[in-house]
Amino acid sequence: MIFIAVAVAIGVGAFIAGWYLGQPSRPDADKNSPYECGFEAFEDARMKFDVRYYLVAILFILFDLEIAFLFPWGVVLEKIGRFGFLAMVVFLTILVVGFVYEWAKGALDWE
Amino acid sequence: MTFEHIVFYAISLILLVSGLLVVTVKNPVKAALFLILCFVSGAALWLLLEAEFLALTLILVYVGAVMVLFLFVVMMLDINIAEMREGFVRYLPVGGVVAVLMMLEMAMILASSKTGLVERSHPVSHGADYSNTAEIGSVLYTDYVYPFEIASVLLVVAIVAAIALTMRKRPQTKKQTPSRQIATRAGDRLRMVDLKSEKKQP
Amino acid sequence: MTDVTTALAWLPDFIEPLLTWLPIWAQILVSSLLKIVLILVPVLLGVMYLTFAERKIIGYMQVRVGPNRVGPRGWLQPIADTLKFLTKEVILPTNANVYLFIIAPMLSLVPALAAWAVVPFLDGWVLADIDASLLYILALTSIGVYGILVAGWASNSKYAFLGAMRAGAQVVAYEIAMGFALVGVLMAAGSLNLREIVLHQSGGLFQWYWLPLFPLFVVYFISGVAETNRAPFDVAEGESEIVAGFHVEYSGIAFALFFLAEYANMILISTLTSLLFLGGWLSPFDGLDWLTELPVIGLLFGNGLHWLLIKISLFLLFFLWFRATFPRYRYDQIMRLGWKVFIPVTLVWILVMGFAMFYTPFGHWFH
């Protein structure tokens, strides 16, 4: 309980500090245009991007879930003993199959 | 009204308002950010229930991973909002049915004394040294070991599916194989040739 | 949840009588706020002087003297920098998304600072001694990526957007390696609580986890460098390619906030590495009683805050040293290192540890 309040307090503190310390602005068309090495900006910056980023993000989700499974396992490993260890070995073996598949398909290569 | 009540209602208010904003705000990136706020306040509610492992995992997995993917997708695709609006009427019936079903389910649970669903006793609150991470761990890998292994199979299926859906090999791309680069020796690339220096003919 | 005595735990004694006239909740609030100030002020000062140290140390590594004009030998330079940041205009680019543009720096700073709430400095010297503190830190660092993503997108500039996307994919890749490395620590310590993890390592230099978990230690620290987008993994900023990456469009205090977040994260990573693998505040001579019982210098050799500070400084020196030594990685090399080297290494070591713990007589090594 207290630490949520604390985190929020810190957050709000930083927020306010950032907000009120800014200085008056003197706007100007050139100053406010997006930086592009001195060129006039051509076309919108929101371009379509390589689909590979999606793949990385999806694989990240899957591995993150794996970590979420590993965390409680690491904590109670001594208590659950060999059976728990073997359960995780099976779990990881199955996932390593997936990992090897990724590797072999070249999903981890960034060309 | 204890302190916990106040915190609960404040967080719930944030949760509801941001949930509402997710569907009403026009800019898809902003909608995604409000969805993140939803998850964070949901996690805060779970913390109030002393489910700190679940709450932190919610942030770790949903906020830290799933929403990154959402943002990637939303930021990189130019989503035309007018086109999305057109789809609204078309999806309305399906969406409406799902929404009504969910409402009914919730109502059944909330009125559990009348609908005859079994009502559980209130969970006991534990002291500060109680670790529900360890509690989850001690049953997940022993009593629930089969569902746990099935989860790994599901994850593998997801990996395969993700690769099948998004992998596109372009034949003309060039890449290096670092292990081959490292393995080369000077002798493979370079040949020393002994050239006799030429002498001017007299 | 908490009462006044725990709230006052490690504050100096003279504070307690000053607060007795307040109601209980106010006492708790005031003492918590005092602690936050006690933690954050040194962190922020550390950030300020870390920028100075960086310029000086890299300067000397490149046979220059670094900043030496402001104050004696340049010691007032960080203060001058801060004042300059504060008095500069915050430029709002025309095509930018104003709200998101303003929120982004805060999004990156808040998690970097909030993570300190659970960091223990000595046994009991911690703001919130929660059970799942390691998970809390991991969750918060995973939020940090939004500051970068939102900043890059909201600026509506190509360089910024490119930098943000690169940073996003990179941070994400190394977070997995980091998580796996942490699992090893959990296996050894059997707890998610940072204080307990440190106490588990007591007994001198060779009881610390850096030795049995050496591969994980290396992976963790290098992933930490990559997480904070520091050289040689600084493709997100890459001055020579995309100017400054996600924060090209930022100026004044908004830019300073990104800077603060980056350096606060560096200090956080160094602190965590020292807590998790180098025994935190424990002295390397712990257990050698004849040494710690010496008068006066015995205190120096005993456990204490100074050891934690020394260890943190060591890792920060590594950060700076890396930047002075290594050329920037190319993007495909970064992704390869994260996915194809670190993840297999950590997975194998986790299995080796588990196997040794249960099936060989060497299990005690890993406890």
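The structure presented is a predicted model; accordingly, all values stated were derived computationally and were not measured.

A. Quick peek at the overall build of chain C. Within chain C, the secondary structure is distributed over 16 helices and zero strands. Counting all 367 residues of chain C, 52% fall into the buried class.

B. Here's a closer look at the overall build of chain A. The secondary structure content of chain A amounts to three helices and zero strands. Along chain A, helices (α) and strands (β) appear in the sequence α-α-α when read from the amino end.

C. Local environment of the nonpolar core. Of all hydrophobic cores here, the largest spans 173 residues; its most connected members are Ala57 and Phe60 of chain A, Phe39 and Ile59 of chain B together with Ala164 of chain C. With 26 residues, the single largest contributor to this core is helix 3 (residues 52-105) of chain A.

D. A look at the interface of chain A and chain B. Opposite the 40 residues of chain A that make contact, chain B presents 42 residues. It is helix 3 of chain A that provides the largest number of residues to the side of chain A that touches chain B, a total of 32 residues. Residues of the side of chain A that touches chain B, tallied by class, amount to 29 nonpolar, two polar and nine charged.

E. Just helix 10 (residues 214-227) of chain C, in detail. All names here are of chain C. Under the 1.5 Å per step criterion, the end-to-end length of helix 10 is 20 Å for 14 residues, consistent within 8% with the ideal 20 Å. Buried residues dominate helix 10, accounting for 11 of its 14 residues. Of the residues trailing helix 10, asparagine 229 is marked for its positive phi of about 55°.

F. Spotlight on the confidence of the model for chain C. Looking at chain C as a whole, its pLDDT mean stands at 76, while 78% of the residues score no less than 70. Interface confidence for the predicted complex, expressed as ipTM, amounts to 0.77; the pTM equals 0.83.

G. Representation of the packing of helix 3 (residues 24-61) of chain C against helix 15 (residues 305-325) of chain C in the model. Residue and element names in this part refer to chain C. Between helix 3 and helix 15, whose axes approach to 10 Å, the crossing angle comes to 50°. Our classification of the angle between helix 3 and helix 15 gives oblique. Judged by the twist between their axes, the crossing of helix 3 over helix 15 is right-handed. Only Leu316, Leu320, Arg323 and Ala324 of helix 15 make contact with helix 3, whose side of the interface consists of Leu50, Glu54, Ile57, Ile58 and Met61. Per-class residue counts for the contact of helix 3 with helix 15 are seven nonpolar, no polar and two charged.

H. Fine view of the confidence of the model for chain A. Residues and elements named next belong to chain A. Of all residues in chain A, 49% have pLDDT values of 70 or greater, and the mean over the chain is 68. Mean pLDDT across the secondary structure elements of chain A bottoms out at helix 2 (residues 29-32), with 52, and peaks at helix 3, with 81. Between residues 37-42, whose pLDDT stays under 50, and residues either more than four places distant or in other chains, the model counts three contacts.

I. Quick peek at unusual backbone geometry. All names here are of chain C. Of note, the phi angle at valine 63 is positive, near 55°, even though the residue is not glycine. With respect to the helices, strands and loops of the structure, valine 63 is situated in the loop between helix 3 and helix 4 (77-87). On the neighbour-count criterion, valine 63 (6 C-beta atoms within 10 Å) is exposed.

J. Geometry of helix 16 (residues 331-359) of chain C. Its 29 residues give helix 16 of chain C an end-to-end C-alpha distance of 41 Å, which sits within 8% of 42 Å, the value for a rise of 1.5 Å per residue. At leucine 337 of chain C, helix 16 of chain C shows its maximal bend, which comes to roughly 30°.

K. Inspection of the packing of helix 8 (residues 158-189) of chain C against helix 16 of chain C at higher detail. All names here are of chain C. The contact between helix 8 and helix 16 brings their axes to 9 Å, and the two run at 15°. Between helix 8 and helix 16, the crossing angle belongs to the class labelled roughly parallel. Crossing handedness for the pair helix 8 and helix 16: left-handed. Across the contact of helix 8 with helix 16, the residue classes break down as 18 nonpolar, five polar and one charged.

L. Representation of the environment of glycine 95 of chain B in the model. Within the secondary structure, glycine 95 of chain B is located in helix 4 (residues 81-110). Between the C-alpha atoms of glycine 95 of chain B and aspartate 188 of chain B, which are 93 residues apart in sequence, the distance is 65 Å.

Scoring rules and cut-offs
- Residues numbered from 1 in each chain as written.
- Chains lettered and ligands numbered in written order.
- Predicted model: local features only at pLDDT ≥ 70, side-chain atom pairs only at ≥ 80, totals over all residues.
- Helix = DSSP H or I, 4+ residues; strand = E, 2+ residues; numbered from the N terminus.
- Buried ≥ 20, exposed ≤ 12 C-beta atoms within 10 Å, placed from the backbone.
- Core = buried A, V, L, I, M, F, W, Y, C linked by C-beta atoms within 7 Å.
- Contact = placed C-beta atoms within 7 Å.
- Nonpolar A, V, L, I, M, F, W, Y, C, P; charged D, E, K, R; others polar.
- Expected span 1.5 Å × (residues − 1).
- pLDDT = per-residue confidence, 0-100.
- Axes fitted to C-alpha atoms, helices over the stretch in contact; angles between N-to-C directions.
- Parallel < 35°, antiparallel > 145°, perpendicular 65-115°, else oblique.
- Left-handed = near helix turned anticlockwise from the far one by under 90°.
- Bend = angle between axes of the 7 residues up to and from the residue.

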